[in-house]
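Residue strings, one per chain:
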Amino acid sequence: MAHDTPTPTRFEPPVSDDTAPFWEATRDKQLVLQWCTSCQKAIFYPRAACPGCLGDTIEWRPATGFGRVHAVSVQHKPANPFMADKVPYAVALVDLDEGVRLMTNIVGCEPDDVAVDMAVRVTWEPLTDGRHLPLFEPSALAD
Ligand SMILES: [Zn+2]
């Protein structure tokens, strides 16, 4: 292994044909979602057919990056070795404004301060290959 290869500090999600556009956009810190052009609903996670109507006419659109916490759990034991130095941390289900739910970490505040219905916005953690992992932070934070 080359010595200049950065050591991952996160589990780095694999890329599939269905998820490639999502991950490519994260290189520019852009959150994008699939939309079904038949029923006009956002889709997450990325897949080949709409889970609502089974339509396969799907396009990618930018997401606002804003949402609200649907549920949260504070982890005091790391779920994997990459998270050992991050405990305690907040694992949350976030409902995006577009109507889809994703699992993520809430950062930028104390884990115990994360509450259901808290307004959050996307923030990015770099991965070693140029992609970024979408995390969320309280949207009341100033830039
Ligand atoms: Zn559909």
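Before reading further, recall that the structure is shown in the block above.
Because the structure is predicted, anything quoted here is derived from the model rather than measured. (Residues numbered from 1 in each chain as written. Predicted model: local features only at pLDDT ≥ 70, side-chain atom pairs only at ≥ 80, totals over all residues. Heavy atoms only, no water.)

**Re unusual backbone geometry**
- Backbone torsion omega between Phe44 and Tyr45 reads 5°, so that peptide bond is classified as cis.
- Relative to the helices and strands, Tyr45 resides in the loop between β2 (41–43) and β3 (58–62).
- Backbone torsion omega between Val87 and Pro88 reads -10°, so that peptide bond is classified as cis.
- Inspection of the secondary structure puts Pro88 in the loop between β4 (66–75) and β5 (89–96).
- Positive phi is not limited to glycine here, since Lys29 has a value of about 55°.
- Of note, Lys29 is situated in the loop between α1 (20–26) and β1 (32–36).
- The exposure class of Lys29 is partly exposed, given its relative accessible area of 44%.
- Of note in this structure, Leu54 is not a glycine but carries a positive phi near 65°. (Helix = DSSP H or I, 4+ residues; strand = E, 2+ residues; numbered from the N terminus. Buried < 20%, exposed > 50% of the residue type's maximum accessible area, 1.4 Å probe, protein only.)

**Digging into the coordination of the zinc ion**
- The protein atoms that coordinate the zinc ion are Cys36 (SG), Cys39 (SG), Cys50 (SG) and Cys53 (SG), at distances of 2.3 Å.
- One chain supplies every donor for the zinc ion, spaced along it as C-x2-C-x10-C-x2-C. Here Cys39, found in the loop between β1 and β2, pairs with Cys53, found in the loop between β2 and β3; they are 14 residues apart in sequence, far enough to count as distant.
- Cys53 gets classed as partly exposed once you look at its relative accessible area, which sits at 37%. (Donors = N, O, S within 2.8 Å, 3.2 Å for Na, K, Ca; no water.)

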